[in-house]
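Working through the structure, step by step
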Amino acid sequence: MLLASTALSLIATPAFAQQAPDTSEAQLETPEVQSDTADDGAIIVTGIRSSLQSALNEKRNAASLVEIIQAEDIGKLPDQNLAEVLENIPGVQITRDAGIGTGVQIRGSNDNRTEINGVGTVGSGSGRGGISFEDVNAAIIASVEVTKAPTAMTTEGSVGGTINLRTIRPLNLRDPLIAFRAQGEYSELSKSIQPRLSGSFGQKWDLGDGEFGIVLSGSYAKQDALSFRPRVDRDTLTAQGTGVSATGAPGPAFSYLGIQFLNQELENFKYETYNLAGSVEYAPSSNLKFYFDGFYNDQTRAQESTRVQASGVANVQRTNVPDSFETVDFGSLGGNDLGSIQAALTGTLQPNVANRPNLRFSSDVGARLTKSNLMRFGTEWEADRFKARVEGSRSLSSTRNPDLSTTLNFINPRSALTGANLPNENGTPFAYDLSGGSLAFGIDSASPFAPTAAELLDPRNVVLDQVTVGDNTTRNVETAARFDFSLDLEDLTPFITSVDIGYRYNDTSTEFNEFSSNIGLSLLRESPNGTKLADLLVAGPNNFDRADGRSLFFGDFLIIDPARAYSDRDAVLGQLQAALAAEPAARVLNDPTFNPASFYKITERTHAIYGQVNFAAGIFSGNAGLRYIDTIINSLGNNVGAGGAITQVNTPGKYNLLLPRVNIAAQATDTIVLRASYGQDINRPNFDNLKTSVRFGTGPNTAIVIGNPGLAPEKVTSYDASASWYFAPASVISVGFFHKSRTNLFVTQEIAPATDGNGFRDFTAPCEGGGIFNPIADRNVFVAPGNAGTGICVPISTTINDSGVTKQTGVEIAFQGDLSSFEDSIGFASGFGLSANYTYQKFSGGQATNTSAADARANAIFNASSGLNAAPYTAVQGLLDFSKNAYNVTLFYEKYGLSARARYTWRSAFRTNDTAGGATLGSTLGFPVVTAARGQLNGSITYDLTDNINIGVEGVNLTKSNISQFCVNDGALLCFQGLPDRRLTFGASLRF
């Protein structure tokens with residue numbers, strides 16, 4: 001019978017302060033690789049129960065509040081994706097990009113620190129969270145640790161917690177390690193199978209005068225990430241009495257929301273990732289060790305996404321009265337009941353009017369090519385009561401963003417093309433059906449103006465409208481050195497067991513360079529016909545019905561081949577340039593060139609000193625300490641003056657803070673542990689929020705980000721209390737309470753330009769009505785037809801510090817247990833186990849608000865729906881990506897070589913700026929959208945064919961759970977949908 005005894009021998013000894021180990025700086029080593037039988041002949045539990053048991057033991061003995069997930073075997077964390085691995089932890093929720101877990105919120109916060117073996121990582125962009133989770137294959141990670149309550153030793157810089165990805169430690173190996181896994185991942189939407197390969201080798205040698213060990217882990221993975229994201233904007237008010245049908249008859253006798261924009265977006269990302277991790281350890285004696293860790297990542301995320309847009313439809317809504325309506329209740333915001341209003345539900349948009357809806361086809365190729373590496377080297381030394389560690393590290397991420405994105409306009413042969421200067425667009429009839437919670441739309445095939453499938457796929461009927469070329473680069477570097485010292489006072493004092501002191505130096509920098517070229521076309525004489533681009537044109541994806549079986553969608557259209565635009569960009573760009581030059585207007589599309597106005601380089605240097613006292617007396621143990629940080633920042637940018645003269649401008653900043661941290665644990669009984677923590681931390685602003693440069697895009701409604709180098713860091717004060725009952729070796733019931741108080745919360749503000757009564761904007765600098773003049777944006781949608789061209793006033797987006805205090809309060813409840821101790825009485829059923837957790841949290845406070853003034857159309861809508869005529873309406877933004885309730889339940893079975901697991905995760909609704917099709921706050925009526933509550937089912941089953949061979953299959957999003965996003969409030973106005981993939985992974989593992 002398997003012995004359900006604690007596997008304390010599997011927990012590595014901390015490098016410092018045994019009575020109060022620190023888990024945030026890689027002090028805890030990863031578990032030893034297990035043999036089936038220990039040296040004393042006792043059988044050791046392996047597999048799922050072993051990993052749960054070992055993780056619980058580590059958490060139980062940690063110096064502060066941590067959560068641990070350990071691989072049940074080498075390369076076998078409970079999920080393929082690290083974000084989804086972390087979703088098993090109480091208080092953790094995740095967000096997904098095209099169905100792939102990318103963002104992690106710990107206790108409602110995106111602002112967390114990610115480390116590998118205790119060393120800070122840097123990301124591919126301007127954020128602070130560190131390396132992207134999709135960049136690291138979970139197969140090379142032995143365990144994941146989340147520190148929710150830091151000690152004084154813990155590096156500052158997180159709100160929710162510090163995530164530490166730990167690899168295998170060579171000197172902890174009991175036996176030589178040789179492991180290999182080969183899998184294939186099937187994507188249901190793309191109907192493709194992509195490989196996933198990983199392997200590990202480890203060996204420890206006794207050299208006579210010491211021990212030497214090495215571990216190498218590597219992986220290669222390809223992945224197709226496909227997701228459909230339809231978008232419908234209903235943000236234009238037809239006031240009561242102004243509606244007129246296409247036949248001239250009066251519209252309905254009430255105000256309503258008509259269709260303003262339709263967007264059928266297919267996100268298609270193709271990942272190819274190489275990871276390599278290695279560690280070398282040499283211990284010439286029992287009190288001296290040298291170590292070196294290295295990590296390398298090379299990821300290509302090639303984008304081959306498409307968009308089909310029905311634009312320019314706002315001006316036709318009064319003459320295309322919807323066939324049916326739905327009542328939209330906006331609910332309450334900022335203390336105002338916004339009331340309800342009728343909104344278009346089904347209907348058509350016809351081109352037999354003066355301002356006609358037009359059809360556009362876009363291919364988006366904004367790829368990301370990232371190479372990252374991390375090195376850690378150091379030594380640990382011990383003499384009598386004194387311990388010391390000296391460590392240096394360097395993390396680097398270098399990213400290129402090659403881009404050749406294009407838009408084609410469809411010239412409908414069944415609709416007139418009129419105007420003194422013929423525009424490069426004309427009318428196409430659309431049908432929409434938004435009933436049943438589905439944003440479905442496409443060509444109105446019943447209209448006499450409807451093009452046929454052959455006409456939609458005829459190159460003669462498309463013209464080039466817009467091209468964006470880019471090759472931007474981002475380089476992030478973090479260099480750090482630290483010195484840690486510990487003095488053991490055990491038996492010398494009645495209370496204090498040890499004292500830790502240390503110093504850490506950190507130098508972080510980010511540099512961004514933009515290489516771009518853009519062109520926007522508005523007249524037919526400027527725009528090459530598709531016949532001159534026929535070699536580049538391909539039919540767009542016709543499978544938008546694959547996710548949910550919809551019958552109304554755009555299935556026939558042409559795009560410039562996104563795969564070729566990525567793989568052979570120079571040749572495609574050359575053909576586009578030649579076609580433009582041959583047109584009567586001879587517009588010029590340049591090769592991408594350096595844009596000095598967008599350059600920024602931000603450097604940050606920090607000195608940190610900490611002191612920590614570790615104590616134990618009776619049932620109590622813990623630590624108390626102070627961490628002092630001194631940070632200097634320089635934000636360098638270019639000021640481009642008259643004639644292109646460039647002047648570099650440096651904006652300095654500095655701050656210093658003292659952060660107290662206290663952790664106390666009480667062993668109330670042999671099985672009950674009580675904990676309490678108090679601590680302060682900071683959250684530094686993202687680098688692009690500190691920039692002084694300005695980047696312009698071609699979108700007429702895309703907000704321009706204006707940096708704020710004067711941003712102060714957020715300061716977070718946290719309180720934790722918990723009780724854990726370890727009622728069996730691999731079992732626990734725990735209840736935890738946490739409270740966070742935060743000042744200087746970062747809040748994104750958007751300021752939109754004013755519009756006139758027709759919804760048109762100013763298109764001349766300096767934008768007296770608000771916003772900023774964008775010289776390269778296509779202005780056709782927001783100006784009268786006679787003013788077509790480029791250059792228009794667009795929204796401004798910036799980040800500020802909230803002047804108020806915000807508060808979070810929450811409760812975490814967790815259960816873990818199995819039936820292994822009942823094997824004699826229930827037989828096979830003793831293999832079942834359950835792991836579950838639930839988190840409740842609430843948010844309050846704050847003064848920074850969002851406003852309906854982000855777009856003047858929202859003011860008119862809310863005045864009509866509420867009857868208050870009190871525009872603009874405001875509401876405190878609060879925390880984004882914050883769910884009030886969340887839970888996950890994992891049922892597992894392990895016996896007779898069979899290992900099975902099913903996990904269901906659910907989170908309640910949350911506000912977010914992550915929307916489809918580049919929507920801005922203006923297009924969402926001034927407020928972040930609400931992603932509705934959603935659950936997802938994942939599962940896996942594996943079987944041991946032999947002692948060395950295991951086969952299995954895993955599934956993600958087995959029930960094909962969709963995503964719904966609402967404008968203003970949950971359940972109000974359905975604006976966006978996400979239709980993610982279902983993925984299956986199958987393969988075999990070998991271990992010797």
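Let me sum up the structure you'll find in this document. Predicted model, so just to flag it, every value in this text is computed and none were measured.

About the criteria used
Residues numbered from 1 in each chain as written. Predicted model: local features only at pLDDT ≥ 70, side-chain atom pairs only at ≥ 80, totals over all residues. Heavy atoms only, no water. Pairing = 2+ DSSP bridges. Helix = DSSP H or I, 4+ residues; strand = E, 2+ residues; numbered from the N terminus. Polar contact = N/O pair within 3.5 Å; in protein donor to acceptor, adjacent residues only side chain to side chain. Contact = heavy atoms within 4.5 Å. Axes fitted to C-alpha atoms, helices over the stretch in contact; angles between N-to-C directions. Salt bridge = Lys/Arg side-chain N within 4 Å of Asp/Glu carboxyl O. Buried < 20%, exposed > 50% of the residue type's maximum accessible area, 1.4 Å probe, protein only. Core = buried A, V, L, I, M, F, W, Y, C linked by side-chain atoms within 4.5 Å. Expected span 1.5 Å × (residues − 1). Arc of directions from axis to C-beta. Patch = residues over 30% accessible without salt bridge, like charges linked within 9 Å, V, L, I, M, F, W, Y side chains within 5 Å. Areas by Shrake-Rupley, 256 points an atom, 1.4 Å probe, with all protein chains shown as cover. Lys, Arg positive; Asp, Glu negative; His and termini not counted. Charge placed at Lys NZ, Arg CZ, Asp CG, Glu CD.

**Here we look at the sheet that holds strand E6 (residues 143-147)**
Hydrogen bonds along the backbone pair up the strands of a sheet, which may run parallel or antiparallel. Within the open sheet, the five strands sit side by side as E1-E6-E7-E4-E5. Their pairing is mixed. A single partner strand is all that each edge strand has here, and the edge strands are strand E1 (66-70) and strand E5 (119-120). Across four bridges, the pairing between strand E4 (residues 113-116) and strand E7 (residues 162-166) is parallel. The residue bridging Thr114 from the neighbouring strand is Ile163, located in E7.

**What about the side chain of Ser866?**
The topology assignment puts Ser866 in helix H7 (residues 856-866). A polar atom in the side chain of Ser866 sits 3.3 Å from the side chain of Tyr873. Apart from the residues within four sequence positions on either side, Ser866 is in contact with Asp337, Leu338, Gly339 and Tyr873.

**Some remarks on the sheet that holds strand E41 (residues 796-801)**
The strand order across the open sheet built from three strands is E35-E41-E38, with neighbouring strands paired in mixed fashion. With partners counted over all chains shown, the strands left at the sheet margins are strand E35 (704-706) and strand E38 (746-751), one partner each. On average, each strand axis in the sheet is inclined to that of its neighbour by 30 degrees, with strand direction left out of account. Relative to E41, E38 is paired through six bridges, and the arrangement is antiparallel. Its bridge partner lying in E41, Glu750 is registered against Ser797.

**What about the environment of Thr407?**
With respect to the secondary-structure elements, Thr407 resides in strand E22 (residues 386-410). Counting along the chain gives 295 residues from Thr407 to Asn112, while the straight-line C-alpha distance between them is 38 Å. Thr407 has contacts with Arg360, Phe361, Ser362, Val463, Leu464, Asp465 and Gln466, leaving out every residue within four places of it along the chain. Side-chain polar atoms of Thr407 contact the side chain of Ser362, separated by 2.7 Å.

**Considering the pattern of salt bridges**
The tally for this structure, following the rule as stated, stands at 48 salt bridges. Across the pair Arg368 and Asp135 runs a salt bridge whose closest N-O atoms are separated by 3.0 Å. With a gap of 233 residues between them, Arg368 in strand E21 (residues 368-383) and Asp135 in the loop between E5 and E6 connect regions that are remote in the sequence. Like Arg368, the residue Asp135 is buried in the burial classification. When the shortest N-O distance is used, the salt bridge between Arg169 and Asp293 registers 3.1 Å. Taken together, the positions of Arg169 in the loop between E7 and strand E8 (177-187) and Asp293 in strand E14 (residues 288-303) put the pair 124 residues apart, joining distant regions of the chain. Like Asp293, Arg169 is buried.

**Let's talk about H7**
Residues spaced three or four apart along an α-helix face the same direction, because each turn holds 3.6 residues. In terms of burial, H7 is a largely internal element, eight of the eleven residues being buried. Listed in full, the buried residues belonging to H7 are Arg857, Ala858, Asn859, Ile861, Phe862, Asn863, Ser865 and Ser866. On its buried face, H7 sits against strand E11 (236-238), strand E12 (256-258), strand E18 (336-337) and strand E19 (340-349). Positioned one or two residues after H7, Gly867 has a phi angle of 70 degrees, which is positive.

**A few points about the nonpolar core**
Membership of the largest hydrophobic core comes to 49 residues, with the highest contact counts inside it found for Ile259, Leu359, Phe361, Phe430, Leu464 and Leu576. With five residues, helix H5 (residues 569-581) is the single largest residue contributor to this core. In contact with Leu576, other than residues within four places in its own chain, are Leu404, Thr406, Leu464, Val467, Leu533, Leu536 and Ile560. In terms of nonpolar packing, the next biggest core, distinct from the first, is built from 25 residues, Leu82, Val85, Phe133 and Ala138 among them.

**A few points about H5**
Helix length check: H5 (13 residues) gives 18 Å between terminal C-alpha atoms against 18 Å at 1.5 Å per residue, within 8%. Among the residues of H5, Arg569, Val572, Leu573, Leu576, Ala579 and Leu580 are the ones counted as buried. Along the axis of H5, the buried positions cluster into a sector of 125 degrees, meaning they face one direction only. Those residues of H5 that are exposed and angled more than 90 degrees off the buried face are Asp570 and Ala581. Residues of H5 that are buried in the fold lie against E22, strand E25 (462-488), strand E27 (515-520), strand E29 (558-560) and helix H4 (562-567).

**Description of a negative patch on the surface**
On the surface, Glu382, Asp384, Asp488 and Asp491 cluster together into a patch of negative charge. Mapping Asp384 onto the fold places it in the loop between E21 and E22. We classify Asp384 as exposed; its relative accessible area is 77%.

**Some details on the side chain of Asp224**
Residue position: Asp224 is located in strand E10 (residues 211-233). Separated by 2.5 Å, the side chains of Asp224 and Ser192 make a polar contact. Within the structure, the side chain of Asp224 is placed 3.2 Å from the side chain of Gln194, a separation counted as a polar contact.

**Considering unusual backbone geometry**
Backbone geometry follows two general trends: most residues other than glycine have a negative phi, and most peptide bonds adopt the trans configuration. Cis geometry is adopted by the peptide bond preceding Pro766, which originates at Ala765 and carries an omega value of 10 degrees. Its location among the elements puts Pro766 in the loop between E38 and strand E39 (772-778). Cis geometry is adopted by the peptide bond preceding Pro872, which originates at Ala871 and carries an omega value of 0 degrees. For Pro872, the location among the structural elements is in the loop between H7 and strand E45 (874-876). Of note in the backbone geometry, Lys191 takes a positive phi value of approximately 55 degrees without being a glycine. By secondary structure assignment, the location of Lys191 is in the loop between E8 and strand E9 (192-206). A relative accessible area of 52% places Lys191 in the exposed class.

Take it as geometry only, folks, not as evidence of what the structure does.
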